[in-house]
Amino acid sequence: MSLRPIAGAALVALAAATVVTALPGPARASSGRPSAAPSAGPRTPGDPGAQLTTGMMPPGSPDAAGDAVPSGHPAPRDSTNYLNGVDVASYQHPNGAAITWSQVAASGQSFVVVKATESTTYTNPYEAGDVAGARQAGLRVGLYHFARPSLVGGSPTADAQAEADYFSTQVNAVTGAQLPPTLDLEVNGGLSVSQLVAWTSAFLTRVQTDTGRRPMIYTGPNFWNSSMGGSTAFTIYPLWEAHYTTAASPQSFGGWSTWTLWQWSDGSYASPPAVPGISGAVDRDRFAGSLSDLEGVESASDGVAAPFTGTASPSSIPDGSLVQLAGTTEVYVVAGTAPVYLDSWADYPGTPVVRELSAAQFYSLRSSPRDGTFLRAAPTGQVYEVVGQAPVYVTSWQPWGRVQPYVNVGQGTVDNAGQPGVYAHLAAVPQDGTFVNALETGSVYRIAGGAPIYVSSWSYFGGPQPVVSINEASIDAAPSGPATASGPLQHLYQQPVDGTFLSDPTAGTFFTTQGGALVAVDDDGQAFTAIGDSAVQNAGQPGVWSHLAASQTN
């Protein structure tokens, strides 16, 4: 991406934010979490989870050896009945080398599974680019997590949930259909069989809760039989089996009647030995079925069409209901027909009724509350309005004319909006492209990079668009950006975060932001949020225009 600075005036400083008091309301002390803490937190460098692996299934594993003969070993028999694919990690980018995905696809590959994360400390820096490139080449894609089981957090469950939350953040960032998110289980971290079984169950359950997708297990028969005691309790999850053999199919184990993916080679042998477009060796995989079968696996999600379909009727699961996904411990309150994590019982005295939902019922909810849903946080009594999935502080009911109906949640639920796992049903800041209007002044803005960009005319957008009404004070008193964001106003910024992509459809120009200022870029396929030409021309002016800084110069 090339940057071309736009000539312009110096940066105009923002006026100091005004002090806003909370809405009146009783403050109660929290009576504690209704369920276990969702995450043990990131691990520190130097712990076992920080030892990065370069690939799947280490060569010393019996599952990697099998009956394989490294020299001239042919592909397994009956190859015409399968689709071919690969799995990649940063190891496939030696010295930063790119993968030419068009060549990979032309070589006969139909799918790729990309390493996303490892432990709670590592995210593959090539993941997003590989996913985008593979999709552009027509390949089906999925993500996997290399597990580092341990007792960090005090128990297998706490550690597993922390890793699951970390992985799910990457899974949820990939829009559209994808292959099942995969647990790469090939080291036991010193856990006993019972501990590892508990760890694995907790990880898979949490990923399914976090993403709405039933995950897949990658493992080999020797590892499973030794470290998992040959458990047959996981057959509800698809199997990606690692077993290097010349046989027509891999070894059966763990009670699975069939496999979904089969990793039959680590690329040290094959015919041909390498995949065009990828530097060096790469794991080789197969899918047991046709392309239409693969598309079905790609889009399937626990028997429903997609995660969190939003098809639930507000009358069947009304706002204010306390709900729980069957088989899990987390409690949510339904708000705007979405599950919002309940981390305080302060407003639910006694023994409230918690309704257990099946997976089909739970995922029929929305992934986040409808815009305009009001949330009241305990114990502070502060009220927030959901705007583009984020909780924006309500400074006064006066512009609405009366108190609006709200759902009681915990203050931690609001403060942790945008965090992975149970908190992911609320965003940290409103989604790019959300339109808001300030009730006190009638000014309309479009959100980009967490900041409101003034809209001077609907003509830029083809006519009036749906808006969410908020307080002018919520805009005026917003912090400058993430570095200064704290307290109830932290979910809206004065200026877009650096790296926000904006476009001016009138002039056909494209920008990114640096220090709140516009810097021209080429249109290279990024997702740009359109703003009006007047917002570009008036950047750096006071008042409503001040949410973009004056353009930078060299």
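Our subject is the structure that appears above.
A.B. asks: Even after reading the chapter, I still don't get the overall build of the chain, so can you show me in this structure?
C.D. replies: When helices and strands are counted, the chain shows eleven helices and 26 strands. Here the chain, with 554 residues, has 53% of them falling under the buried criterion. The contacts of the chain with a sequence gap of at least 6 include a subset with a gap of at least 24, amounting to 69%. Here the chain displays about 21700 Å² of accessible surface, and carbon together with sulfur accounts for 53% of that area.

A.B. asks: Would you mind going over the sheet that holds strand β21 (residues 451-455) with me for this structure?
C.D. replies: Pairing between the strands of a sheet is mediated by backbone hydrogen bonds and can be parallel or antiparallel. Read from one edge to the other, the open sheet built from four strands follows the order β21-β20-β19-β22, with strand pairing classed as mixed. Of all strands in the sheet, those bounded by a partner on one side alone are β21 and β22 (468-470). Between one strand axis and the next, the sheet turns through 40° on average, direction left out of account. Pairing of strand β20 (residues 444-448) with β21, which is carried by five bridges, proceeds in the antiparallel orientation. Its bridge partner lying in β21, V444 is registered against V455.

A.B. asks: Please explain the packing of helix α4 (residues 156-173) against helix α5 (residues 193-211) as it appears in this structure.
C.D. replies: Packed helices, taken two at a time, are described by the angle between their axes plus the distance between the axes. Between α4 and α5, the shortest axis-to-axis distance is 8 Å and the interhelical angle comes to 35°. Remark: the crossing between α4 and α5 carries right-handed chirality. On the side of α4, the interface is formed by P156, T157, D159, A160, Q161, E163, A164, D165, F167, S168, V171 and N172, while α5 contributes Q195, A198, W199, A202, F203, R206, V207, D210 and T211. Of the residues belonging to the contact of α4 with α5, the class tally is ten nonpolar, six polar and five charged.

A.B. asks: I keep staring at the nonpolar core and nothing clicks. Help me out?
C.D. replies: Nonpolar side chains in soluble globular proteins tend to end up buried together. Counting residues in each nonpolar core, the largest one holds 44 residues, and the members touching the most others are V88, V112 and F203. Of all the elements, α5 adds the most residues to this core, at six residues. With residues near it in sequence (within four places) discarded, V112 still touches V86, D87, V88, W101, A134, L139, R140, V141, G142 and L179. Membership of the second largest hydrophobic core comes to 20 residues, among which are Y384, V386, V407 and A477.

A.B. asks: Could you clarify how one ought to interpret unusual backbone geometry in this entry?
C.D. replies: Where the residue is not glycine, phi is negative for most of them; where a peptide bond is considered, it is trans in most cases. Of note, the amide linkage connecting A378 to P379 takes the cis form, showing an omega dihedral of 10°. Tracing the chain through its elements places P379 in the loop between β15 (374-378) and β16 (383-387). Its identity is not glycine, yet S119 carries a phi of approximately 55°, on the positive side. For S119, the location among the structural elements is in the loop between β3 (109-118) and β4 (122-123).

A.B. asks: Would you mind going over the pattern of salt bridges with me for this structure?
C.D. replies: A side chain with one charge may pair with a side chain of the opposite charge, provided their charged atoms come close. One pass over the structure, following the stated rule, counts six salt bridges. Residue K115 pairs with E118 through a salt bridge whose shortest N-O separation is 2.6 Å. K115 gets classed as buried once you look at its relative accessible area, which sits at 2%. Of the residues examined, E118 reaches a relative accessible area of 0% and is grouped as buried. Between R206 and E330 there is a salt bridge, with the nearest N and O atoms lying 2.8 Å from each other. Of this pair, R206 sits in helix α5 while E330 sits in the loop between β11 (322-325) and β12 (332-335), placing them 124 residues apart in sequence. Assessed through its relative accessible area of 2%, R206 is described here as buried. The buried category is assigned to E330, whose relative accessible area is 4%.

A.B. asks: How do you make sense of the packing of aromatic side chains when you look at a structure like this?
C.D. replies: Geometrically, a pair of aromatic rings is defined through the distance of the ring centres and the angle of the planes. What the rule picks out here adds up to 28 aromatic pairs. Seen in terms of ring centroids, Y460 and F461 are 6.4 Å apart; in terms of plane orientation they differ by 75°. Their pairing is edge-to-face. Classification of F461 as buried rests on a relative accessible area of 17%. Here the aromatic residues W224, F234, Y237, F253 and W256 are joined through ring pairs into a cluster of three or more. Over the ring of W264 we find R286, and its NZ or CZ is 5.3 Å from the ring centre.

A.B. asks: How do you make sense of the sheet that holds strand β13 (residues 338-341) when you look at a structure like this?
C.D. replies: The mixed open sheet is built from four strands, whose spatial order is β13-β12-β11-β14. Where the open sheet ends on each side, the last strands, each with one partner, are β13 and β14 (354-357). In this sheet, adjacent strand axes meet at a mean angle of 45° when their direction is disregarded. Looking at chain direction, β11 and β14 are connected through four bridges and run parallel. Looking at β14, one finds that L322 is bridged to V354.

Here is what the cut-offs are and how they apply
Residues numbered from 1 in each chain as written. Predicted model: local features only at pLDDT ≥ 70, side-chain atom pairs only at ≥ 80, totals over all residues. Heavy atoms only, no water. Helix = DSSP H or I, 4+ residues; strand = E, 2+ residues; numbered from the N terminus. Buried < 20%, exposed > 50% of the residue type's maximum accessible area, 1.4 Å probe, protein only. Contact = heavy atoms within 4.5 Å. Areas by Shrake-Rupley, 256 points an atom, 1.4 Å probe, with all protein chains shown as cover. Pairing = 2+ DSSP bridges. Axes fitted to C-alpha atoms, helices over the stretch in contact; angles between N-to-C directions. Left-handed = near helix turned anticlockwise from the far one by under 90°. Nonpolar A, V, L, I, M, F, W, Y, C, P; charged D, E, K, R; others polar. Core = buried A, V, L, I, M, F, W, Y, C linked by side-chain atoms within 4.5 Å. Salt bridge = Lys/Arg side-chain N within 4 Å of Asp/Glu carboxyl O. Phe/Tyr/Trp six-rings, centres within 6.5 Å; stacked < 30°, edge-to-face > 60°. Lys NZ or Arg CZ within 6 Å of the ring centre and 35° of its normal.

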